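Structure assessment
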Amino acid sequence: MLLYIAFIAVFLILWAVFYAALPLLNRAETLSAHLTTRLSVRYARIGRLTNRFRAYAPVAIIVVVGGLLTWWAGDQFIDLAELVHSKSTKLQDLDTLAHAWAISKRTPAETTFFVAMSNIGSPVGMAILAVCAAIALAVTRRWRWLLYLTITAGGGSLLNTELKRYFARARPDLAEMLRQAHGYSFPSGHAMGSTVVLGALSYLAFRTATHWRWKAAWLALAWTLIIAIALSRVYLGVHWISDVGAGIAAGALWVGVTTLAYETLRRIRMLRARASAS
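Throughout what follows, the structure given in this document is the object of discussion. (Residues numbered from 1 in each chain as written. Predicted model: local features only at pLDDT ≥ 70, side-chain atom pairs only at ≥ 80, totals over all residues. Heavy atoms only, no water.)

Core analysis: the largest hydrophobic core is formed by 27 residues, its most contacted members being Met117, Leu137, Tyr148, Leu149, Leu198, Leu201 and Leu204. Elements that contribute at least two residues to this core include exactly helix H4 (108-120), helix H5 (123-139), helix H6 (143-167), helix H7 (189-208), helix H8 (212-235) and helix H9 (241-277). Dropping the residues within four chain positions of it, Leu198 is found in contact with Met126, Leu129, Ala222, Leu225, Ile226 and Ile229. Core analysis: the second largest hydrophobic core is formed by 13 residues, Val84, Ala246, Ala249 and Ala250 among them. (Core = buried A, V, L, I, M, F, W, Y, C linked by side-chain atoms within 4.5 Å. Buried < 20%, exposed > 50% of the residue type's maximum accessible area, 1.4 Å probe, protein only. Helix = DSSP H or I, 4+ residues; strand = E, 2+ residues; numbered from the N terminus. Contact = heavy atoms within 4.5 Å.)

Take a look at the structure:
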């Protein structure tokens, strides 16, 4: 029961954080447009330049903010990858401690919850979710969104396969696993796959929602599920905690790159369409 309460609590906390933070980006865009308008009025000779800057200011803000977040995710993954590659004793101690703690806290109710989360975040579960979304996008003729989802989900899967092959890290002891798992351990496929697919779908839901309340709710739900899926792999004994941390970081890096590229191109295309129409 406490686990379900914790799940809801995490969702509500993330919802509140996103609901408070997301409108700030919109305000930054409005402020930049207002500033450039005042400059163009006051300094007529640079009016043409400031008008162009005003048009592209939202794109610049998205590139900067998105780039910083993507860089941070990549930096976190590189740090973990270097520790794994160097066989850091501190990281191994942390992994062992988290692994032992998770095993000691197993109960039937928590096992049921985490098995469900693991099934949702499995390659089959994420594939079903992505295919259903792709069918819906095809039916509604959202071809650009469909292409974005296909590249993001497909590319993320290929990237995870190659990363596992490169690091070739062994999984925890098979005798302590509650579920069978095959292949290499780093980074976690469940954690990375769910971050990629749910991250991409939350972006599309964000674009569809008409109110900040629901935009924030979709993002909060996606990240709550990602966290629960990642923790389920540690609880079930099939991954080290550094595996799932690296999976989330690598997934966030990849979905950040594809989303940033798509959103930037989308806004530039809109600006050019407006310019040609005027």
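Let us now look at the environment of Ala250. Tracing the chain through its elements places Ala250 in helix H9. Judged by relative accessible area, which is 4%, Ala250 ranks as buried. Spatially, the C-alpha atom of Ala250 lies 9.5 Å from that of Asp75, the residues being 175 residues apart in sequence. Apart from the residues lying within four places of it in its own chain, the contact partners of Ala250 are Phe77, Leu163 and Met192.

All right, on to the layout of surface pockets then. Each pocket or cavity is described by its volume, and for the second largest pocket that value is around 570 Å³. Lining the second largest pocket we find 33 residues, and of these Gly121, Ser122, Pro123, Gly189 and Gly193 sit closest to its centre. Listing elements by their share of the lining of the second largest pocket, those giving two or more residues are H4, H5, H6 and H7. Here the element with the most residues in the lining of the second largest pocket is H6; it accounts for eight residues. The class makeup of the residues in the lining of the second largest pocket is 14 nonpolar, 15 polar and four charged. (1 Å grid on protein atoms, 1.4 Å probe; cavity = no way out; pocket = protein on both sides within 12 Å on 5 of 7 lines; lining within 4 Å. Points joined across faces, edges and corners; volume = space filled by probe spheres on them. Nonpolar A, V, L, I, M, F, W, Y, C, P; charged D, E, K, R; others polar.)

Scanning the entire structure with this criterion turns up 14 aromatic pairs. Chaining the aromatic ring pairs together yields one cluster made of Tyr4, Phe7, Phe113, Phe114 and Tyr235. In this structure, Arg106 is placed above the aromatic ring of Tyr235, and the distance from its NZ or CZ to the ring centre is 5.9 Å. Here Lys215 stacks its cationic end above the ring of Phe206, 4.5 Å away from the centre of that ring. (Phe/Tyr/Trp six-rings, centres within 6.5 Å; stacked < 30°, edge-to-face > 60°. Lys NZ or Arg CZ within 6 Å of the ring centre and 35° of its normal.)

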